[in-house]
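This is what each chain is made of:
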Amino acid sequence: MATVGKFLTQRIKLIFWGLLGGFFLLEFLTRLGTWILWFREVGYLDAYLTRLTMQVGLAIFAIALSALFLLGNITLARRLAWVHEPESGQLTSVFNLARNRLPPLLQSPVIPLVPLLLLVGSLGLIALVMVGYFVQEGLALWRVDYTLPNLTPQVPAPFQMEAFLQTVFVEVPSEIWQIGAVAALVFVLLLQQGFWLRAIAWCMSLAFGLVLSGNWTRFLMYVHSSPFGREDPQFGIDIGFFIFRLPAIELLDFWLKGLFLYGLIGVTLVYLLSARSLSEGKFPGFSRSQLRHLYALGGGFLLAQGLSHWLARYELLFSSRGVVYGASYTDTQVQLPFETFAAIASVALGGWLLIKALTGYGKRNGAVVSQRPIRSLPFSVWPFISYLTIFGLGYLAILGVQSLVVQPNELYLEKRYIERSIAATRQAMKLEDIEVETFVPQAELTADNITPENQTIANIRVWDTRPILETNRQLQQIRLYYEFPDADIDRYTLKVQDPDGEVSTRRQQVIISARELDYNAVPEQGKTWINKHLFYTHGYGFTLSPVNEADASGLPFYYIKDIGSSTNAGALNVSGPGIRDSIPIENPRIYFGELTNNYIITNTLSPEFDFPSGDDNAYFFYDGSAGIGIGPLWRRLMFGWYLRDWQMLFTRNITSDSRLLLHRNINERVRAIAPFLRFDRDPYLVAARGEGFLSGADRPSSLYWVIDAYTSSNRYPYSDPGENRFNYIRNSVKIFIDAYNGRTQFYIADSSDPILQSWIKIFPNLFKPADALPKTLLSHIRYPQDLFNAQSERLLTYHMTDPQVFYNREDQWQIPQEIYGSESQAVKPYYLILRLPRGSQEEFILLHLYTPTDRSNLIAWLAARSDEQNYGKLFLYQFPKQKLVYGPNQIEALINQDPVISQQISLWNRDGSRAIQGNLLVIPIENSLLYVEPIYLEAEENSLPILARVVVVYDNQIVMAKTLMDALTAMFKQAETANALVRTVEQDPLPRAPNAASEEAIQ
């Protein structure tokens, strides 16, 4: 019966492991097949195979080598461990028993029970904490968010005793049950150490595989590194070493230290728990063979520790100890020599232990072991004591020099390092290319400057994206399953016909918003498999509004809106022939967007919902080039397993021409293709003809998504990251995605970036040159806001280039505040069409404002140019410090403290409505500043904002009118009309009473 039971148990185990292995094999093959077919469909199969080869190769290499090392050492330790000979009870080892040799003699003293329990308990606890630490680090690398500001995590730090102490004394003791659980785990580990030490070895090997595979980009960059052409100021090494090579070497250090440390702990536990030491109440001591084994592992760990000390020398360039980021006086004068000496000492001590392991040098076999603790050890402890003493004295010296020498003389000693940090931060964040000019505001605007023909005036934005979105959701969603997820600012060149029939063009700043299909908004009764994957497949159209116009009721004026008309079902409604000739709307279907999160199947027997047409629906069959053919049964089996969707196998709607569209969310799509790039958080839609963008198989589309992509690093020496997780960034790539065909193209935007140069070496077919981008799409690129925000934030401090001014923070800036609605918020960058000082014509720019710290007046404004001939150029215009220039907060205070204006706002904030003060724009015109703030009126429920008034402030006048042109006319032409309230700002804080016409204007 026992034999039968054992046979059945073995069969059950075999079946279980066979099923488990088959499941994982099937999962791997289906995922691999799906990704290969998808990458072939999007045209980037070679890039995927390069990445996959590196990932799999690193994982296999790390897992195999780690398991071989750890399991091999544990197996060797078990062969050399003590056992009791069955007949005599004499201590010997498995190795000696197998060869019938004499038992080895002891070379270390007996360890009593209490110290033995403390020792094995501590080692067991360290082993458990280690495996948790390494598994956590491995899993964290596969949960990376590639959007700004969340970037690739830093290289994981080698396991340190600080991590152990933090876990044991801070994290675990928070709950009594946690202490009990940890104690139980340690007890189980010690009770069945043979099994659990091997299990931990496998877990750590898998964790090392995850870590190295997850860092595949660092190893590829190491091999294909590009020079920066700049050297760090401390070591004189090209910056490329720190960005490309140092992270990969640190990963090897992380791996080696983990291997040798766990190997040393595991082997020590095997030896200490042998010879029935716990039940016997003592450990008899180590033999020479056991000690040689421990010497080898200890020597390897100390060599890895020496590498850590050597790498720590370079890590000093990212220190935050001093007054600025990077290596400071204490770092270079004290810690750098200490780390160098510690590296040499570690290598020397590790080499000495390896010599002892190889030669067996020590007490001769048969020598009597002394019972005195120090003398009884099989080696001299003085090298270790010297190392620890030097280590402790080194850190004391660092603290002493920093507090006693540097801090009393900080500016004098740190001046050269301040200069280094300023220069490096400006280089890494591309601040050194900013052209700085002085802007002296003058009250010189006249009625001749303020005309509709002035493109700056004609493009002053009175609509913010928030009220536009609210209006779109009320008036333009049309059906509950449509959604406007976002609205974006862009500019278009429009054809305009004058009364004489002459056609000219003008640039118009607009707000564009895509009408996407949100399947989550479909009623629950309609959420069927067919509706989700075959019927509701795409959004339809977009809205386009000028930023400066409202209709007669105060709602946004639309150039493009609605779906269908009385004469043309499905056509988007345009405001005039000039818009129709300027902006293409022929194929406005959105199969790829920001809300297209589910997969769909096209070209089936079931028609797709296209758009609502009155009380009926229009239907459509997709004829684009996107999708993977799923006609063959094996493909449906594979995709059904991958997607966990078995209805795909049983539906009768699929034909031989049916196609599966995966990864339709544009953010997910670009991350799947190029996970090594970082992406802007705000994709925007472009309506244009992109014939040069398409292949011959693509049906022409009229809608394209634009995503800005960045190359970044946190390893630029001396560059201060501030609150960011990067200290180097470039907007190196522009990505365009066809909203209908899904075609995704990566265009080089900054070929001078060394990081991008390395990626081009690795993926030569992924990136296209900038001149391959069609002109119709090139005209819509814009300077990205995420990059501009990062640069603006660093410029708050790093516009100061004088070390003493920087040290004293004499000229520190801040981002001004404004009131939006009823809440204060930081002023965000905003796009404008204006002519820069000394500029020849109006252009599309991104502008940001600055005020001095703890003050509200303006001190400067930064402009980023977006038009293709000047793209990427930055200008900083500084106001004279002796001249007071009102900031947004001060202007809003002038507006809100005016009794007539504030009275009107108070009246609006009654009876279920509320007034919302929109973004206050500061607009440079000629050599003057014009302040414009829209005021919206909306109901507290079912919000439908209307533009109630526009407030314009210039010089000493405030004008509130129903339209922007009414306000400008009243201000600059001194025309008193019933449409405008004119107020004068006097020295007296209470404004004077309004005139009769102004009283009528607010009614």
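Residues numbered from 1 in each chain as written. Predicted model: local features only at pLDDT ≥ 70, side-chain atom pairs only at ≥ 80, totals over all residues. Heavy atoms only, no water.

### Here's the deal with the confidence of the model for the chain
What counts, and what does not: Residue-level confidence of the predictor is what pLDDT reports, using numbers from 0 through 100. To qualify as a helix, a DSSP run of H or I must reach at least 4 residues; to qualify as a strand, a run of E must reach at least 2; elements of each kind are numbered from the N terminus. In what follows, a contact means two residues having at least one pair of non-hydrogen atoms within 4.5 Å.
Of the residues in the chain, 87% have a pLDDT of 70 or more, and the chain-wide mean is 85. Model confidence for the chain, summarised as mean pLDDT per element, is weakest for helix H29 (residues 996–1001) at 40 and strongest for helix H22 (residues 754–762) at 97. Here residues 365–378 is modelled with pLDDT under 50, and outside its nearest four sequence neighbours on either side it reaches 27 contacts, counting other chains as well. Throughout residues 987–1003 the model reports pLDDT below 50, and contacts reaching past four residues in sequence, or to other chains, amount to 35 contacts.

### Considerations on the side chain of Thr711
Heads up, the rule is: Any pair of N or O atoms that falls within 3.5 Å is considered a polar contact. Within protein, one atom must be able to donate a hydrogen and the other to accept it, and sequence-neighbouring residues count only if both atoms are side-chain atoms.
Considering the arrangement of structural elements, one finds Thr711 in strand E22 (residues 703–713). Side-chain polar atoms of Thr711 contact the side chain of Ser732, separated by 3.0 Å. Other than its neighbours up to four places away in sequence, Thr711 contacts Leu677, Tyr728, Ile729, Arg730, Ser732, Asp753, Ile755, Leu756 and Trp759.

### Observations regarding a nonpolar patch on the surface
Note the following rule: Residues enter a patch when their relative accessible area is above 30% and they make no salt bridge; the linking distance is 9 Å between like charges and 5 Å between nonpolar side chains (Val, Leu, Ile, Met, Phe, Trp, Tyr). To measure how exposed things are, a 1.4 Å probe is used in the Shrake-Rupley method; for residues, cover is taken only from the protein chains shown. Within this document, salt bridges are pairs made up of a side-chain nitrogen of Lys or Arg and a carboxyl oxygen of Asp or Glu, the two lying within 4 Å of each other.
Residues Leu25, Phe28 and Leu29 make up a contiguous nonpolar surface patch of about 300 Å² in total accessible area. Among the structural elements, Leu29 can be located in helix H1 (residues 2–42).

### Let's talk about the packing of helix H7 (residues 193–214) against helix H9 (residues 239–272)
As a reminder of what qualifies: Helix axes are fitted only over the stretch in contact, all axes being lines through C-alpha atoms; the angle between N-to-C directions runs from 0 to 180 degrees. By the definition adopted for this analysis, an angle is roughly parallel if under 35 degrees, roughly antiparallel if over 145, roughly perpendicular if from 65 to 115, and oblique otherwise. By the convention adopted, Pro, Cys, Tyr, Trp, Phe, Met, Ile, Leu, Val and Ala count as nonpolar, Lys, Arg, Asp and Glu as charged, and the other residues, Gly among them, as polar.
For the pair H7 and H9, interaxial distance at closest approach is 11 Å and the crossing angle is 180°. As the angle between them shows, H7 and H9 are arranged roughly antiparallel. Contacts from Gln193, Leu197, Ile200, Ala201, Met204, Phe208, Val211 and Leu212 in H7 reach Leu251, Phe254, Trp255, Gly258, Leu259, Tyr262, Gly266, Leu269 and Val270 in H9. Classifying every residue of the contact of H7 with H9 by side-chain character gives 14 nonpolar, three polar and no charged.

### Some points on the sheet that holds strand E18 (residues 628–629)
For clarity, the cut-off: DSSP-based pairing: two strands are paired if at least 2 bridges between them are found.
One open sheet accounts for three strands, arranged E15-E19-E18; its pairing is antiparallel. Two strands close off the open sheet at either side, each with one partner strand: strand E15 (600–602) and E18. Across two bridges, the pairing between E18 and strand E19 (residues 659–661) is antiparallel. The partner of Ile628 across the bridge, within E19, is Leu660.

### Remarks on unusual backbone geometry
Let me state the cut-off plainly: Three labels apply to residues, based on accessible area from a 1.4 Å probe with only protein chains included: buried if under 20% of the type maximum, exposed if over 50%, partly exposed otherwise in between.
The backbone of Tyr718 sits at a positive phi, close to 70°, despite the residue not being glycine. With respect to the helices, strands and loops of the structure, Tyr718 is situated in the loop between E22 and strand E23 (728–738). Non-glycine residue Arg809 carries a positive phi angle of around 50°. By the secondary structure assignment, Arg809 is in the loop between helix H25 (803–808) and strand E26 (813–814). Judged by relative accessible area, which is 36%, Arg809 ranks as partly exposed.

### Observations regarding the nonpolar core
So the rule is basically this: Here, nonpolar core means buried Ala, Val, Leu, Ile, Met, Phe, Trp, Tyr and Cys residues that are tied together by side-chain atoms lying within 4.5 Å of each other.
Within the largest apolar cluster, 183 residues are counted, with the highest numbers of intra-cluster contacts made by Tyr262, Phe542, Ile560, Phe746 and Phe767. At 20 residues, H9 tops the list of elements feeding residues into this core. If we ignore the near neighbours within four places in the chain, the residues touching Ile560 are Phe542, Thr543, Leu544, Leu572, Asn573, Val574, Ile579, Ile583 and Ile585. Among the nonpolar cores identified, the runner-up in size contains 99 residues, and Phe726, Ile891, Val959 and Ala961 belong to it.

### Notes on the pattern of salt bridges
Enumeration over the complete set of coordinates arrives at 27 salt bridges. Where Lys430 meets Asp750, a salt bridge forms, and the shortest distance between an N and an O atom there is 3.6 Å. In this pair, Lys430 sits in the loop between helix H14 (410–428) and strand E5 (435–438) while Asp750 sits in the loop between strand E24 (744–748) and H22, placing the two residues 320 residues apart along the sequence. Given the relative accessible area of 30%, Lys430 is considered partly exposed. A residue is classified by how much of its surface remains accessible, and Asp750, at 10% relative accessible area, is buried. Across the salt bridge formed by Arg835 and Glu926, the nearest N and O atoms sit 2.9 Å from each other. Within this pair, whereas Arg835 is found in the loop between strand E29 (830–834) and strand E30 (843–852), its partner Glu926 is found in the loop between strand E34 (921–925) and strand E35 (928–939), the two being separated by 91 residues in sequence. Residue classification places Glu926 among the partly exposed residues on the basis of a relative accessible area of 36%.

### Details of the environment of Tyr540
Among the secondary structure elements, Tyr540 is positioned in strand E10 (residues 539–540). Taking relative accessible area as the criterion, Tyr540 reaches 4% and is therefore assigned buried. As a C-alpha pair, Tyr540 and Tyr482 span 58 residues in sequence and 8.5 Å in three-dimensional space. Within the local environment of Tyr540, its side chain forms a polar contact with the backbone oxygen of Gly570, the two atoms lying 2.6 Å apart.

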